Amino acid sequence: MSEAGKRNPDCAIDAIGLKTTGAVRYNFGAAELYEEAIRRGEAKLTAQGALVAETGQHTGRSPKDKFIVRDDNTGPHVWWDNNKAISPAEFEALHADFRAHAKAKDLYVQDLVGGADAELQLPVRVVTEFAWHSLFIRNLLIRPQAAELERFVPEMTIIDLPSFRADPARHGTRTETVIAVDLTRKIVLIGGTSYAGEMKKSVFTMLNYLLPEKGVMPMHCSANEGPAGDAAVFFGLSGTGKTTLSADPSRTLIGDDEHGWGPQGVFNFEGGCYAKTIRLSAEAEPEIFATTQRFGTVLENVVLNAGRVPDFDDGSLTENTRCAYPLDYIPNASRTGRAGHPKNIIMLTADAFGVMPPIARLTPAQAMYHFLSGYTAKVAGTEKGVTEPEATFSTCFGAPFMPRHPSEYGKLLRELIAGHGVDCWLVNTGWTGGAYGTGRRMPIKVTRALLGAALDGSLNAAEFRTDANFGFEVPVAVPGVDGAILDPRSTWADKAAYDRQAAKLVGMFAVNFEKFEKHVDATILGAAPHLQEAAE
Ligand SMILES: Nc1ncnc2c1ncn2[C@@H]1O[C@H](COP(=O)(O)OP(=O)(O)OP(=O)(O)O)[C@@H](O)[C@H]1O
Ligand SMILES: O=C([O-])CC(=O)C(=O)O
Ligand SMILES: [Mn+2]
């Protein structure tokens, strides 16, 4: 048994009101959790020593099954148009039923921390039914030192019981799946799903609620730092490239998904990464690929071939295949999880309409407009034979995780951008040469070259044109990049089709932004895209 495991493990669950006649495994490390997960038939070993688990029905988050307890404390502060409420009584019933469900189960407990800033950190106790979930969350959050564990007092509790089935009549849920968040008592109950990402995003949701009151901006972004100490943050919705682009051998990785920006600068909420692995290639993403080839990494819904080698091209379980690893599995990752104030903010979008340029410079007002819009596009399900992409607007680049009104986050960000003179950029990692179905995905090499120029400051010296539709500035030439790709219209064989597609997208932005109009001033409204007569 590990050193930490020698502490009375029952105390750890007692303290949060749980009891079980089963075993309680406290703060097990990777080796012990591997043995447990394999012994219990939860997971398998890959040929290279990673652990791989399947999640069954739920291979992604279930945002429609997420609920926040509406009480006197949260009532006035939560953005209820975006968050579903359950009553304190429904949560109580759920909590009691979770306790009953756990009463004879073996349970895994991890004492971890959210937030790399000592002043702002949130100690979290995570109790799971699955050993592999225990390893996942141990990889993802910050692992306290032994001395810190001795005096660990949890502020937040997560109980994750995938075999639990919620009862809509009794618990106020939509289905048997539930993610119930009590922001007041800092308890999250997860049932009816095995998707591990729910746990990490629960901590994110909690910090997104707690930190604005302390004047700290929580962000769905990755972050890294250049050799001159220049930090950059990369906002973006799922699949836009936060994880891929923040892993950059020339820069120190701070984190891949969730950060705070406070008076001291930027800090990671987490101690690990959760990377997409579909079609992962050693050539395009060597650092991330390497994490999948070693002991300790958790692969989720990745299919193995007969030799137990991961087949990253196999999306038969889901397109959302993932790997979860501690931050230090990336060479050149920060040991502190902290950096100074960002010099650059990148807003990532995967524009499947092929309308947006691969990079554009934003004014502070345009940055606020795009932050509140939170645009990306999803490619339609191939099985249905539909080729038309679907626009997604998710405010703050993370609406499912934002308990407060976007204007609160927007105000914080606006002040920080102004106060620190940050340069802002929009980067399209989506389609070029046409929309999805006609064009191709932006080569990662191109995106990296453009980002390199933005982050080292050289791009600011380029010649820019103003985009006719979006009003932002687009570089005309960048050393090392084929100039044609900078102007999306020029990459389309059919210019009229481009203009129609651009008009459609501008229209979608306008409709989406209506709900924010009364919350923003004229400067931000003036940064909205406007349809122009096309050139030529
Ligand atoms: N030009 C590009 N830039 C970035 N990623 C690209 C590009 N072209 C293709 N990709 C692929 O797109 C995916 C980007 O996913 P990534 O994991 O970085 O998203 P994310 O923003 O971290 O999402 P999540 O919040 O869900 O973790 C990767 O699978 C990557 O290989
Ligand atoms: O949490 C997840 O499932 C993955 C993620 O980062 C996101 O969706 O933004
Ligand atoms: Mn990611």
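Residues numbered from 1 in each chain as written. Chains lettered and ligands numbered in written order. Predicted model: local features only at pLDDT ≥ 70, side-chain atom pairs only at ≥ 80, totals over all residues. Heavy atoms only, no water.

### Quick look at the sheet that holds strand S17 (residues 298-300)
Spelled out, the test is: Only strands joined by at least two bridges in the DSSP assignment are considered to pair. Counting from the N terminus, the helices are the DSSP runs of H or I reaching at least four residues and the strands are the DSSP runs of E reaching at least two. Throughout, an axis means a line fitted to C-alpha atoms (over the contacting stretch in the case of helices), and angles, computed between N-to-C directions, take values from 0 to 180 degrees. The contact definition used throughout considers only heavy atoms, calling two residues in contact when any of these lie within 4.5 Å.
Judged by pairing direction, the sheet is mixed, and its five strands sit side by side in the order S2-S3-S17-S20-S16 without closing on themselves. At either margin of the open sheet sits one strand with a lone partner, and together these are strand S2 (43-45) and strand S16 (272-276). For this sheet the average axis-to-axis angle between neighbouring strands, irrespective of direction, equals 25°. Direction of pairing for S17 relative to strand S20 (residues 322-326): antiparallel, over a ladder of three bridges. Following the sheet pairing, valine 298 is matched in S20 by alanine 324. Against the sheet, helix H2 (residues 30-39) contacts S2 and strand S3 (51-53), and its axis sits at roughly 115° relative to S2.

### Overview of the pattern of salt bridges
The following threshold applies: For this analysis, a salt bridge means a side-chain nitrogen from Lys or Arg found within 4 Å of a carboxyl oxygen belonging to Asp or Glu. For every residue, the accessible area obtained with a 1.4 Å probe (protein chains only) is divided by the maximum for its type, and the residue is called buried under 20%, exposed over 50%, and partly exposed between those limits.
Summed over the entire model, instances satisfying the criterion amount to 27 salt bridges. The salt bridge involving arginine 404 is made with glutamate 213; its shortest N-O contact spans 3.2 Å. You can see arginine 404 sitting in the loop between strand S25 (390-393) and helix H11 (406-420) and its partner glutamate 213 sitting in the loop between helix H7 (197-210) and strand S11 (217-225), a full 191 residues away along the chain. Judged by relative accessible area, arginine 404 falls into the buried class, the value being 2%. When its relative accessible area of 56% is taken as the criterion, glutamate 213 is described as exposed. Among the salt bridges present, the one from lysine 242 reaches aspartate 257, with a minimum N-O distance of 4.0 Å. Here aspartate 257 lies in the loop between strand S13 (252-255) and strand S14 (258-262) and lysine 242 lies in helix H8 (residues 242-246), a separation of 15 residues in the sequence. Salt bridges linked by common partners bring Lys200, Lys201, Lys242, Asp257, Glu258 and Glu270 together as one network.

### Brief notes about the domain arrangement of the protein
Let me state the cut-off plainly: All domain edges in this entry derive from an automatic or database-based domain assignment. Accessible area that two parts lose when put together, evaluated with a 1.4 Å probe and summed over both, is termed the buried area.
Examined at the domain level, the protein breaks down into domain 1 (2-43 + 60-214), domain 2 (217-262 + 341-526) and domain 3 (272-329). A separation of 25 Å is found between the C-alpha centroids of domain 1 and domain 3. Residue-level contacts link 16 residues of domain 1 with 15 residues of domain 3. Contact between domain 1 and domain 3 buries roughly 1,100 Å² in total, counting both sides, with carbon and sulfur atoms accounting for 60%. Together, Tyr34, Asn139 and Tyr195 form the three largest contributors to the area buried by domain 1 at its contact with domain 3, with a combined 43%. Remark: the boundary between domain 1 and domain 3 carries zero salt bridges. At the level of secondary structure, the elements contributing two or more residues to the side of domain 1 that touches domain 3 comprise H2, helix H4 (131-140) and H7.

### Focus: empty space enclosed by the protein
Quick reminder of the rule: Within this scheme a cavity is a closed region of a 1 Å grid, computed over the protein atoms alone, that accommodates a 1.4 Å probe without allowing it to escape, whereas a pocket is open but has protein on both sides within 12 Å along at least five of seven lines; lining residues each have an atom within 4 Å of a point. Grid points are joined across faces, edges and corners, and a volume is the space filled by probe spheres set on the points. We call Asp, Glu, Lys and Arg charged. Ala, Val, Leu, Ile, Met, Phe, Trp, Tyr, Cys and Pro are nonpolar, and the rest, Gly among them, are polar.
One pass over the full model with this rule turns up two cavities of 30 Å³ or more. The computed volume of the largest cavity comes to approximately 60 Å³. Tallying contributions element by element places H7 first for the lining of the largest cavity, with three residues. Looking at side-chain class alone, the lining of the largest cavity contains four nonpolar, two polar and four charged residues. Estimates place the volume of the second largest cavity at around 40 Å³. As for the second largest cavity, its lining consists of Ser246, Ala247, Asp248, Pro249, Arg251, Leu253, Glu287, Ile330, Pro331 and Asn332.

### What to know about the packing of helix H10 (residues 364-373) against helix H14 (residues 495-513)
The condition that has to hold: The cut-offs work like this: below 35 degrees is roughly parallel, past 145 is roughly antiparallel, 65 to 115 is roughly perpendicular, and the gaps in between are oblique.
Two elements in contact, H10 and H14, have axes separated by 10 Å at closest approach and are oriented at 80°. With respect to H14, the axis of H10 lies roughly perpendicular. Contacts between H10 and H14 involve Tyr369, His370, Leu372 and Ser373 from the first element and Phe509, Ala510, Asn512 and Phe513 from the second. Here the residues of the contact of H10 with H14 are counted per class, giving five nonpolar, three polar and no charged.

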